[in-house]
Amino acid sequence: MHPIMASFMEDPVYVANQEIKIQVVQDGKVIIEPDDPETIGHEINEMVAARIGSYPSMDSECLRIAKFIVSVEGKSASEIREAYGKLVTDEATKKDPEDGYYLKTGFYMFVREETYELSQEIYSKEDLELYDEIGLTNEWRQNTEALMKLLNIEFQLVLDDVNLPLAI
């Protein structure tokens with residue numbers, strides 16, 4: 001193993017980030033089984049394309065969750081739920097998107113910047129107008145909220161058989 005990669009593997013947050021599992025729930029039923037954020041993002045892109053007839057290039061972000069995972073390592077399910085509940089309560093006062101703060105309990109999806117570059121001729125002006133109309137944007141919180149509403153879904157962190165609702 002390369003020395004730089006070996007140093008990453010010693011960082012517990014990096015390791016926890018690699019182990020994040022997210023599932024998607026619709027009407028109380030799991031519709032996408034727990035998987036890594038990249039795969040979940042791809043599945044959501046497919047759902048959006050099926051729904052609106054266009055495939056916006058989106059990405060996801062949930063690095064802050066890794067820090068929570070490290071903090072509850074080795075704890076029981078009830079201790080994990082309790083710690084998560086406390087974190088959610090603490091975070092509730094920091095939900096102001098204007099200050100650029102993104103929640104430690106958040107899973108965010110956003111439209112990639114290259115989508116807006118019409119010169120690349122990947123997306124048309126009509127595509128961008130449609131995305132704007134339904135609230136898809138490169139702003140993490142707004143876009144995730146629009147996706148959840150459009151698809152009637154919720155995201156959950158799956159951690160040691162504990163399902164925790166992710167915020168936006």
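As a further point, take helix α7 (residues 140-151). Over its 12 residues, α7 runs 16 Å from end to end, which matches the ideal 16 Å to within 8%, given 1.5 Å per residue. Of the positions making up α7, those classed as buried are R141, N143, T144, A146, L147, M148, L150 and L151. Considering only its buried residues, α7 is in contact with β1 (22-26), α3 (37-52), β3 (58-61), β4 (108-111), α6 (125-134) and β5 (154-159). For α7, the N-terminal capping position is held by E139, with its side-chain oxygen 3.1 Å away from the main-chain nitrogen of R141.

Another point: unusual backbone geometry. In the Ramachandran plot, D27 falls in the positive-phi region, its phi being about 55° despite a non-glycine side chain. The phi angle at D161 is positive, at roughly 65°, despite the residue not being glycine. Tracing the backbone through its elements, the reader meets D161 in the loop between β5 and β6 (162-165). The exposure class assigned to D161 is exposed, which follows from its relative accessible area of 75%.

A separate point is the pairing of β5. The element β5 is largely enclosed, with a buried count of 5 among its 6 residues. Turn length for the β5-β6 hairpin, with the two strands adjacent in sequence and antiparallel, is 2 residues, and the turn residue D160 shows positive phi of about 50°.

In terms of burial, β1 is largely enclosed, as 4 of its 5 residues are buried. Direction of pairing for β1 relative to strand β2 (residues 29-35): antiparallel, over a ladder of 4 bridges. Note on β2: the bridge partner recorded for V24 is I32. Between β1 and β2, which pair antiparallel and follow one another directly, the connecting turn spans 2 residues, one of which, D27, has a positive phi of 55°. Where β1 lies against β5, 4 bridges are found, and the strand directions are antiparallel. Looking at β5, one finds that I22 is bridged to L157.

Attention now moves to the pattern of salt bridges. Within this structure, the stated rule accounts for 3 salt bridges. As a salt-bridge pair, K86 and D90 come within 3.2 Å of each other at their nearest N and O atoms. In this pair, K86 and D90 both sit in helix α5 (residues 77-91), 4 residues apart, roughly one turn of the helix. For K86, a relative accessible area of 54% gives the class exposed. Its relative accessible area of 38% is what places D90 among the partly exposed residues.

The next point concerns the sheet that holds β1. Reading across the sheet, the 4 strands line up as β2-β1-β5-β6 and stay open at both edges, with antiparallel pairing between neighbours. Of all strands in the sheet, those with a lone pairing partner are β2 and β6, marking the two edges. Pairs of neighbouring strands in the sheet enclose a mean axial angle of 30°, with direction left out of account. Against the sheet, α3 engages β1, β2 and β5, with an angle of about 140° to β2. Against the sheet, helix α4 (residues 63-71) contacts β1, β5 and β6, and its axis sits at roughly 35° relative to β5.

Calculation criteria
- Residues numbered from 1 in each chain as written.
- Predicted model: local features only at pLDDT ≥ 70, side-chain atom pairs only at ≥ 80, totals over all residues.
- Heavy atoms only, no water.
- Helix = DSSP H or I, 4+ residues; strand = E, 2+ residues; numbered from the N terminus.
- Expected span 1.5 Å × (residues − 1).
- Buried < 20%, exposed > 50% of the residue type's maximum accessible area, 1.4 Å probe, protein only.
- Contact = heavy atoms within 4.5 Å.
- Polar contact = N/O pair within 3.5 Å; in protein donor to acceptor, adjacent residues only side chain to side chain.
- Pairing = 2+ DSSP bridges.
- Salt bridge = Lys/Arg side-chain N within 4 Å of Asp/Glu carboxyl O.
- Axes fitted to C-alpha atoms, helices over the stretch in contact; angles between N-to-C directions.

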